[in-house]
Amino acid sequence: MSARELTPAIRLVGSGTDAEARTSPYDCHVFLLDGGGACALVDTGTGLGTEVLLRHLDEVAALDRLTHVFVTHYHADHAGGAAAIRAATGAAVCASTGTAYALATGDEDVTQVAEARRVGVYPEDYRLASCQVDDVAEDEKSWEIGDLRVTAYASPGHCDGHVCFLVDDGDTTALCTGDSIFAGGRVSIQAIPDCRPYEYRLTASRLARLPVDALLPGHLDLVLAGGAAHLATAAETFDRLVPPPNIV
């Protein structure tokens, strides 16, 4: 089985680094939200590992139940596979207005794909596949995915249009943070045009007020209990006007 259970309702089904869920070395962590009658993904990876990702979904009987794809932001390691997943499954792609524009146009300057490719983050022949976004993930908008409730929280800072998704199964909550807050209260600040430290500070403060059990970032370690403490660490560091430790 190539899908790792994190909580009763969430599995890691794609990753660039996790040995069990690995899809492509260029991918972020991809999470399957399984609400029983329906399923959703949070992020899609680059698209370079889509065939493997679809196989992982099929192994846990999720392909026929996949109704939504939630995209945290428009960087290619998180959003590049959205078009292929949408075409293969018919799932509705949900993202912020800014991400919707960037994906619909396939704009490699806005998404920083061109610059990232130049410095070797992606292969020389990699191109961002354009993708229609079916549903705008407005701030605090919620969706019912089977027995799960998924709520969007605008979280700019790492880049414009970034969204985190809070997943509530009725007993516990998990926050899929994309590239905003990581284990240990770390962040991802990069020398790109729309990385904004002050907005990052506001985002960290807001997320720290959420009731979070599991913290599921797009890279590195996953926090399966006590996630709120990691969010608090980031907020407290920013409140001292000092950026938290950077993952890059």
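The structure reproduced in this document is the subject of the present report. (Residues numbered from 1 in each chain as written. Predicted model: local features only at pLDDT ≥ 70, side-chain atom pairs only at ≥ 80, totals over all residues. Heavy atoms only, no water.)

### Some remarks on the pairing of strand S10 (residues 163–168)
And then number 1: With five of its six residues buried, S10 lies for the most part within the structure.
And then number 2: The sheet contact formed by strand S9 (residues 148–154) and S10 spans six bridges and is antiparallel. Pairing of Ala-154 across the sheet is with Val-163, part of S10.
And then number 3: Bridging between S10 and strand S11 (residues 173–178) involves four bridges; their strand directions are antiparallel. Along S11, the bridge assignment pairs Phe-165 with Cys-176. (Buried < 20%, exposed > 50% of the residue type's maximum accessible area, 1.4 Å probe, protein only. Helix = DSSP H or I, 4+ residues; strand = E, 2+ residues; numbered from the N terminus. Pairing = 2+ DSSP bridges.)

### Thoughts on the sheet that holds S9
And then number 1: Spatially, S8-S9-S10-S11-S14 is the arrangement adopted by the five strands of the open sheet, whose pairing is mixed. Two strands bound the open sheet, and with one partner strand each, they are strand S8 (142–145) and strand S14 (214–217). Direction aside, the axes of adjacent strands within the sheet are offset by 20° on average.
And then number 2: By the bridge criterion, four bridges tie S11 to S14 in an arrangement that is parallel. Across the sheet, the residue bridging to Cys-176 is Leu-216, located in S14. (Axes fitted to C-alpha atoms, helices over the stretch in contact; angles between N-to-C directions.)

### Topic: the sheet that holds strand S6 (residues 92–95)
And then number 1: One open sheet accounts for seven strands, arranged S1-S2-S3-S4-S5-S6-S7; its pairing is mixed. With one partner strand each, in any of the chains shown, strand S1 (4–7) and strand S7 (135–136) form the two edges of the open sheet.
And then number 2: The pairing of S6 with S7 spans two bridges and is classified as parallel. Within S7, the residue paired with Cys-94 across the bridge is Asp-135.
And then number 3: Where helix H3 (residues 82–89) meets the sheet, it contacts strand S4 (39–42), strand S5 (66–70) and S6, and its direction lies at approximately 170° from that of S5. (Contact = heavy atoms within 4.5 Å.)

### Observations regarding helix H4 (residues 97–105)
And then number 1: All of the buried residues in H4 are Thr-99, Ala-100, Ala-102 and Leu-103.
And then number 2: Among the structural elements, helix H2 (76–79) and S6 are those in contact with the buried residues of H4.
And then number 3: Taken from the residues just after H4, Gly-106 is the one with a positive phi, measuring 65°.

### Considering helix H1 (residues 50–59)
For an α-helix the count is 3.6 residues per turn, leaving residues at separations of three or four pointing the same way.
And then number 1: Those residues of H1 not exposed but buried are Thr-50, Leu-53, Leu-54, His-56 and Leu-57. The arc that holds every buried residue of H1, seen down its axis, measures 155°, which confines them to one face. Residues of H1 that are exposed and point over 90 degrees away from its buried face: Glu-51 and Asp-58.
And then number 2: Contact partners of the buried residues in H1: strand S2 (10–14), strand S3 (30–34), S4, S5 and H3.
And then number 3: Positioned one or two residues after H1, Ala-61 has a phi angle of 55°, which is positive. (Arc of directions from axis to C-beta.)

### Describing the packing of aromatic side chains
And then number 1: Counting across every chain of the model gives five aromatic pairs.
And then number 2: Aromatic rings pair up to connect Phe-70, Trp-143 and Phe-165 into one cluster. (Phe/Tyr/Trp six-rings, centres within 6.5 Å; stacked < 30°, edge-to-face > 60°.)

### Looking at the pattern of salt bridges
And then number 1: The final tally for this structure, using the stated rule, is twelve salt bridges.
And then number 2: In this structure, Asp-34 engages Arg-65 in a salt bridge whose closest nitrogen and oxygen atoms are separated by 2.8 Å. Pair noted here: Asp-34 is in strand S3 and Arg-65 is in the loop between H1 and S5, with a separation of 31 residues, a long-range link.
And then number 3: Note that Arg-206 and Asp-139 form a salt bridge whose closest N and O atoms lie 2.9 Å from each other. One end of the pair, Arg-206, is in helix H6 (residues 197–207); the other, Asp-139, is in the loop between S7 and S8, with 67 residues separating them in the sequence.
And then number 4: Overall, the relative accessible area of 42% leaves Asp-139 in the partly exposed class.
And then number 5: In the salt-bridge network here, residues are joined through shared partners; they are Arg-11, Asp-34 and Arg-65. (Salt bridge = Lys/Arg side-chain N within 4 Å of Asp/Glu carboxyl O.)

### Description of the packing of H1 against H3
And then number 1: Where H1 contacts H3, the two axes come as close as 10 Å, and the packing angle between them is 45°. By the angle between their directions, the pair H1 and H3 is classed as oblique. In this structure, H1 meets H3 at a crossing whose hand is right-handed. In this structure, H1 uses Thr-50, Leu-53 and Leu-54 to contact H3, whose residues at the interface are Ala-84, Ile-85, Ala-88 and Thr-89.
And then number 2: Here the contact of H1 with H3 is built from residues that sort into five nonpolar, two polar and no charged. (Parallel < 35°, antiparallel > 145°, perpendicular 65-115°, else oblique. Left-handed = near helix turned anticlockwise from the far one by under 90°. Nonpolar A, V, L, I, M, F, W, Y, C, P; charged D, E, K, R; others polar.)

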